[in-house]
Amino acid sequence: MYWQILFFSLSTYVCLSLSRLLLSLWQYKRVQSAGGLLPIMFGGLRVDTTTVGFVVALPLLFAPWLNDALWAQQINAVYLSVMWLLILLPELSSVQFIMEYDVRPNRLYTDYLKHPKEVAGMLWQGYKLPVIGALVFLVALCYAGSVVFGRTFPLAQSFSWLAALGLSLAGAAVSFLAIRGTLRHRPLNPSTVAYCGDCLLNSLALNSIYNVAYALYSLKNERSAADLYGDLPTVDMQRLVLEQAGIQSTNPDLPSVHQHIANHSHARPLNIVIIVEESLGAQFVGNLGGQDLTPNLDKLSTEGWNFRRAYATGTRSVRGLEALVCGFPPSASDAVLRLSGAQQNFFTLAQGLKPLGYRSHFVYGGEAHFDNMKGFFMGNGFDELHERAQFKDPAFVGTWGASDEDMFNKVHEVLSQAHDTPTLCLAFSVSNHSPWEYPSGRITPEGEAASVQNTVRYADWAIGQFFERAKQESYWENTVFLVAADHDARVGGADAIPLRHFHIPALILGGSIAARQDDRIISQIDLPVTLLSLADASIAHPMIGQDLTKRQTVQRAIMQYGENFGYLYEDLLTVLEPGKKHRQFTYTAPADYQVVETRPQALETAKAYALWPTYMYDSRSYTVATTNDVQNTYSHPLSIAAE
């Protein structure tokens, strides 16, 4: 068994070190600018030692007693081969994952494994050759590993009980030290080998199986913002957040709940349609200084209320959805759509609008169980779900579901059938996502057909087609439409908070909306509050976003980037990072940062915003009703529209 353990350990060190070196050479410009290869390679050896220590701990413990037993060697060979596969699989996935998320495989890696159909389809449709190559390489490495450390040794040495006891204790000690990774007070963790402000480079010093395993280990507790950024008295946190939102708290149990009085008057509350465009960052939008890929959206931006400096709260769809539908700010923990404590009695616009008689719909071209959207929305006030299975004769179905034009057809159908019932419709697009699939004949592709640029062109085409039709319909005058991105595509870079990748389009349209260009800095969480005023929907709610129909607002945006929290106040960006001293910069778009001396007020407000979501989630205070009220109000059965 000792020979098997030795060969396994050496093979693991060589494979992971070689992978780390190749990944670093791939990103060499960033590596060079941050101090070179040495910190990555040296830190990687420490992490690899911890990884090996976890795997060989049990074999080292039992080897002295069973070293010469052939059956024990055979079991050990199978065990080490399985561990070898588990190490290699995420490591070989690293290149594609880094291309998508600018970091090694992490918790998202396991989240996607929960949806094998969509992910397998995406990989096969968009990345056939890389997938085939990786699988062939994986099989070859697994076979080589089984040959190298899967051998048995019939004449292996046996030990006396006293020697076996000593060797077993020595093996336990070696494993413990390897797993702990350090003799200091706290054991090794990812921050131990972090050496710069570039999240990707810090993750290169890890290995992918360690990064995934550590992320899963961290799920044992919901992340505490106070542990990451430091604490602040609750009374001060609430005061700072609520004062900036213009809220006077009257209920200590529901501190942010207040009565919203709409300042636009209509014969009846208007329909509200929130169109969430997948990965449509400002970098693609012509009128926001991006690539000239969105002529329809650019034209519409001259006809409605166009926010030229809107910022997303995060880098994933669930983060954008929690902001646009719940008005909930980003937290160090996961988005609320996937947190167990938010699956009911958590505020959404659907919950808040029920007293006004609204019927709420969620339209999604894919399978709505993805990212727990179905469970969250239907558990928090939405009445009807329209997903891929309910789309009748879709024009095109790709890996992620029915195309954007099919989604818009369903939105049109929902609004046409609403008649005099005020309607909330949340529509989430899928087309602008790898592997970049869209129906033929809609656009003239440029360059490679399957590219993000061409799916953006198609998404823009679908937007233009929908609004051309909507303007001719009776519901146009009775509806307020919001078109906004959930986040930018492939957010990355060496900046602690890459603000240019948080810049997104946000446009409000409708028969009652006057054309206007708005250059105020705003956050996604401001948009649902603003929609309430425009729709003449006066309700009680806990949202801390600003009503942008008011002339005097605080120009600020808040965002979460990995474990980094950003608070942009006018031109001042405050960045909170775990275990590090805060940093503040003056920011000039699109990507200029100048370090400035600490401005205490902005720092304290940033910390308050970082802590507030965790407090509100933990205290179950982000709602307008008690549990009994919600059970009585939402006792209707789940309604999935069937055509």
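Note: the structure precedes this text.
Residues numbered from 1 in each chain as written. Predicted model: local features only at pLDDT ≥ 70, side-chain atom pairs only at ≥ 80, totals over all residues. Heavy atoms only, no water.

(A) Layout of the sheet that holds strand S14 (residues 564–569). With antiparallel pairing, the five strands of this open sheet are ordered in space as S13-S14-S15-S16-S17. Sheet topology places strand S13 (556–561) and strand S17 (592–595) at the edges, where each strand pairs with a single neighbour. If you compare each strand with its neighbour and ignore which way they point, the axes differ by 25° on average. When S13 meets S14, the two strands line up antiparallel, connected through six bridges. (Pairing = 2+ DSSP bridges. Helix = DSSP H or I, 4+ residues; strand = E, 2+ residues; numbered from the N terminus. Axes fitted to C-alpha atoms, helices over the stretch in contact; angles between N-to-C directions.)

(B) How the structure looks around the packing of aromatic side chains. Enumeration according to the criterion identifies 36 aromatic pairs in this entry. Relative to Tyr364, the ring of Phe362 lies with its centre 6.0 Å away and its plane at 5°, an arrangement referred to as stacked. Looking at Phe362, the relative accessible area reads 0%, which means it is buried. Where Tyr364 meets Phe428, the ring centres are 5.4 Å apart and the plane angle is 20°; that geometry is what we call stacked. A residue pair is termed long-range when its members are at least 10 positions apart, and Tyr364 in strand S4 (residues 359–364) and Phe428 in strand S8 (residues 423–428) qualify at 64 residues. Assigned by exposure class, Tyr364 and Phe428 land together as buried. Grouping aromatic residues by their ring pairs yields a cluster made of Phe328, Phe346, Phe347, Phe362, Tyr364, Phe376, Phe377, Phe382, Phe428, Trp612 and Tyr622. Residue placement shows Arg620 over the ring face of Tyr617; its charged tip is 4.4 Å from the ring centre. (Phe/Tyr/Trp six-rings, centres within 6.5 Å; stacked < 30°, edge-to-face > 60°. Buried < 20%, exposed > 50% of the residue type's maximum accessible area, 1.4 Å probe, protein only. Lys NZ or Arg CZ within 6 Å of the ring centre and 35° of its normal.)

(C) Representation of the pairing of strand S2 (residues 271–277) in the model. Burial analysis of S2 places seven of its seven residues in the buried class, which makes it a mostly covered element. Residues of S2 alternate between two faces, with Asn271, Val273, Ile275 and Glu277 on one and Ile272, Ile274 and Val276 on the opposite face, all of them buried. Across seven bridges, the pairing between S2 and strand S9 (residues 479–485) is parallel. Residue Ile272 lies in a different strand from S9, and its bridge partner there is Val480.

(D) A look at the environment of His419. As for its placement among the helices and strands, His419 is situated in the loop between helix H19 (404–418) and S8. Using a relative accessible area of 61% as the deciding quantity, one classes His419 as exposed. Residues His419 and Arg30, 389 residues apart in the sequence, show an inter-C-alpha distance of 56 Å.

(E) Fine view of the pattern of salt bridges. Under the criterion given, the structure shown has 23 salt bridges. Among the ionic pairs, Asp519 bridges to Arg308, the shortest N-O distance being 3.3 Å. A residue pair is termed long-range when its members are at least 10 positions apart, and Asp519 in strand S11 (residues 516–523) and Arg308 in strand S3 (residues 305–311) qualify at 211 residues. Residue Arg308 is classed as partly exposed on the basis of its relative accessible area of 29%. Overlapping salt bridges bring together Lys299, Glu303, Glu468 and Lys471 as one network. (Salt bridge = Lys/Arg side-chain N within 4 Å of Asp/Glu carboxyl O.)

(F) Up close: unusual backbone geometry. Cis geometry is found at the peptide bond from Ser434 to Pro435, where omega equals 15°. Looking at the element boundaries, Pro435 is found in the loop between S8 and helix H20 (452–470). That bond from Ala589 to Pro590 is cis: its omega, 5°, falls within 30 degrees of zero. Along the chain, Pro590 turns up in the loop between strand S16 (583–588) and S17. In this structure, Ser279 is a non-glycine residue whose phi angle is positive, near 55°. Although it is not a glycine, Arg490 sits at a positive phi angle of roughly 50°. Structurally, the position occupied by Arg490 is in the loop between S9 and strand S10 (503–509). The partly exposed category is assigned to Arg490, whose relative accessible area is 35%.

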